[in-house]
Amino acid sequence: MQIYKNPIILQDYSDPDAIRVNDDFFMVASSFNHTPVVPILHSKNLVDWRIINYVADKLPFDIYDNVVHGAAAWAPSIRYHNNTYYCVIPFPDEGVFVSTSNDPYGKWSDLHCLIKGKGIIDPCPIWVDDKCYMVVGFAKSRIGFNSCLGIYEVSNDLKTQITDYKIIYDGHDQNPTIEGPKFNTRNGYYYIMAPAGSVKAGWQVALRSKDIYGPYQSKIVLMQNDSPINGPHQGALIEIDDNDNWAFLHFQDMRCYGRVVYLQPVKWINDWPICGAVGDELLAGTPYIEHPYIIDIKSDYKLNNNDEFMDSKLSLIWQTPANKKDNWYKLDNGLILNCVYHNEDSIDSLNLTPNLFLQKLCYLNFKASVEVKLNLINDGDEVGFTLMGEEYGYICIKRINGKNFLNLYNGKFKEIDRLVSSIIYKENNIKFNIKYKYPNKFNLGYNDIYFKETFIAKPGRWIGSKIGIYAKGLKNSLGSAKFNNFLVKKVGK
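Let me begin by describing the structure that accompanies this report.

**Section: the sheet that holds strand β21 (residues 272-275)**
In any sheet, the strands associate via hydrogen bonds between backbone groups, in a parallel or an antiparallel arrangement. If you trace the 4 strands from one edge of the open sheet to the other, you get β18-β19-β20-β21, paired in antiparallel fashion. Since the sheet does not close on itself, it has two edges, and those belong to β18 (233-239) and β21, each with one partner. Here the strands of the sheet are splayed against their neighbours by 35 degrees on average, with no regard to which way each runs. Of the pairings in the sheet, the one linking strand β20 (residues 259-269) to β21 comprises 4 bridges and is antiparallel in character. Following the sheet pairing, Trp268 is matched in β21 by Pro273.

**Some remarks on the pairing of strand β24 (residues 335-338)**
For a regular strand, side chains alternate in direction, first toward one face of the sheet and then toward the other. When strand β23 (residues 329-331) meets β24, the two strands line up antiparallel, connected through 3 bridges. Counted as the bridge partner of Tyr329 is Leu337 from β24. Connecting the antiparallel pair β23 and β24 is a turn made up of 3 residues, with Asn333 showing a positive phi of about 55 degrees. As defined by bridge partners, β24 adjoins strand β36 (residues 480-490) across 4 bridges and the pair is classed as antiparallel. By the bridge assignment, Asn338 is partnered in β36 with Ser480.

**Re the side chain of Ser99**
By the secondary structure assignment, Ser99 is in strand β8 (residues 95-101). A polar side-chain atom of Ser99 sits 2.7 Å from the main-chain carbonyl oxygen of Ser109. Contact partners of Ser99, with chain neighbours within four places excluded, come to Val55, Tyr85, Tyr86, Cys87, Trp108, Ser109 and Leu111.

**What about the nonpolar core?**
Of all hydrophobic cores here, the largest spans 49 residues; its most connected members are Val383, Phe385, Ile469 and Phe483. For this core, the leading source of residues is strand β26 (residues 366-375), giving 5 residues. Those residues in contact with Ile469 that lie beyond four places of it in its chain are Phe309, Leu335, Leu337, Asn355, Leu356, Phe357, Val370, Gly384, Phe385, Phe483 and Phe486.

**Some words on the sheet that holds strand β29 (residues 403-412)**
Taken together, the 6 strands give an open sheet; going across it, the order is β25-β35-β27-β28-β29-β30, and neighbouring strands pair in antiparallel fashion. Where the open sheet ends on each side, the last strands, each with one partner, are β25 (356-360) and β30 (418-424). Strand-to-strand, the axes of this sheet are offset by a mean angle of 15 degrees, without reference to chain direction. Summarising the sheet, strand β28 (residues 391-400) and β29 pair through 10 bridges and their orientation is antiparallel. Paired with Tyr394 across the strands is Tyr409, a residue of β29.

**Overview of empty space enclosed by the protein**
Over the atoms a probe the size of a water molecule is rolled, and this reveals where empty space is left. Under the defined criterion, the tally for this structure stands at 3 cavities of 30 Å³ or more. There is about 110 Å³ of room inside the largest cavity. Along its surface, the largest cavity is lined by 17 residues, and His34, His69, Met388, Phe413 and Ile463 are the ones closest to its centre. For the lining of the largest cavity, the class distribution of residues is 6 nonpolar, 9 polar and 2 charged. Every residue along the wall of the second largest cavity is listed here: Asp12, Ser14, Ser30, Ser31, Phe32, His34, Pro39, Gln319, Lys360, Ile463 and Lys466.

Conventions adopted
Residues numbered from 1 in each chain as written. Predicted model: local features only at pLDDT ≥ 70, side-chain atom pairs only at ≥ 80, totals over all residues. Heavy atoms only, no water. Pairing = 2+ DSSP bridges. Helix = DSSP H or I, 4+ residues; strand = E, 2+ residues; numbered from the N terminus. Axes fitted to C-alpha atoms, helices over the stretch in contact; angles between N-to-C directions. Polar contact = N/O pair within 3.5 Å; in protein donor to acceptor, adjacent residues only side chain to side chain. Contact = heavy atoms within 4.5 Å. Core = buried A, V, L, I, M, F, W, Y, C linked by side-chain atoms within 4.5 Å. Buried < 20%, exposed > 50% of the residue type's maximum accessible area, 1.4 Å probe, protein only. 1 Å grid on protein atoms, 1.4 Å probe; cavity = no way out; pocket = protein on both sides within 12 Å on 5 of 7 lines; lining within 4 Å. Points joined across faces, edges and corners; volume = space filled by probe spheres on them. Nonpolar A, V, L, I, M, F, W, Y, C, P; charged D, E, K, R; others polar.

Next comes the structure, spelled out in structure tokens:
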């Protein structure tokens, strides 16, 4: 019997939602200000996943040509209805958007605005007879209140809003900060799964009603209890076969590692979906650390963070913290990054540089490296390697007064980056290195030599830390660098 260990995905796939279509499972997650927008993952057994696509190439507003930390695509949902896949994506500052496809591997439609306005988050549709309803949460920072859930009626094709929202549950007394609702149906009940409490110290709630507009009964169905898995949070209740077997995917906030994904079995008790290990049947379940495969199918799917940059297209593991431009890069027996100028803010603050190519952390302890061939021409040309978050560090080669310097920096959001070390570098090739130790310490180096300076990593805005590479410069720069063999290696147990 196969045993899986939680988290099933030790990567930052925040706010996961998932569906089953025949024998396939598809998951989406938040991408915030990073592009491409909303990753799509595929699995055969709910344990082993691979990334297959994104819903959109870019964010549909010019403001996201700049880095806007923590904004944009929050907590999407994915549903399948009448042979069409729907992905509903909330933008907390702009509204609720929808994209559709007949093939999750293929092209998705351009994002269409279903609801315009601020503060409407976590939307999830359900089709009832010839009508469609959408449950939502509310972001207090944008709309002025939270801890409530509402329902809109929308058209069946999710192109038109029919009614304004109606509040159907107020969680202020028993389930404060309730959010992230997801619709399901079973045995004549409408179910809404929704986390409450807080991301780090909360619990999972199930609401149920015979009427779409309520009133809804509530029950806590998953909480930390005596496990080390704090705040088991927002996720997807999934019917995994046609025999009334179910499972629950959720996340746990692991700070620098982001919001990693867990899988729990579900036991229906008195028509309540108790998730995880069930002790007293009247109480909430406890997250499992390990469990036999819920779907006993072997799979070789995995999330691979290595990249030799030899494909004709950029790997799906890479995202940029703003809309990508064609002149930033090209693939030609390696990834060539051009020393592109963006604006004055990005010159001395790497976190405001949009042309960073970043990927998620994937191991608790790891080493990562990348080989670089330098072609720095103009003063200000800069090529580097970073671990990015609200506090970050990076190593780079920067051209100053006609010479190349090997510089080491640390930085924080809303501050100018601080130079830690600088030496002349005379070679045309370099290998950048990072050594990361759980939970949040890392060292940077080059050519297998590490600096003594130890950095403290911090997660980003609503996301985990990310490692990545970049090139940037001043106006009219002709400089560039070619990157090869980006390798991430697990260290220790």
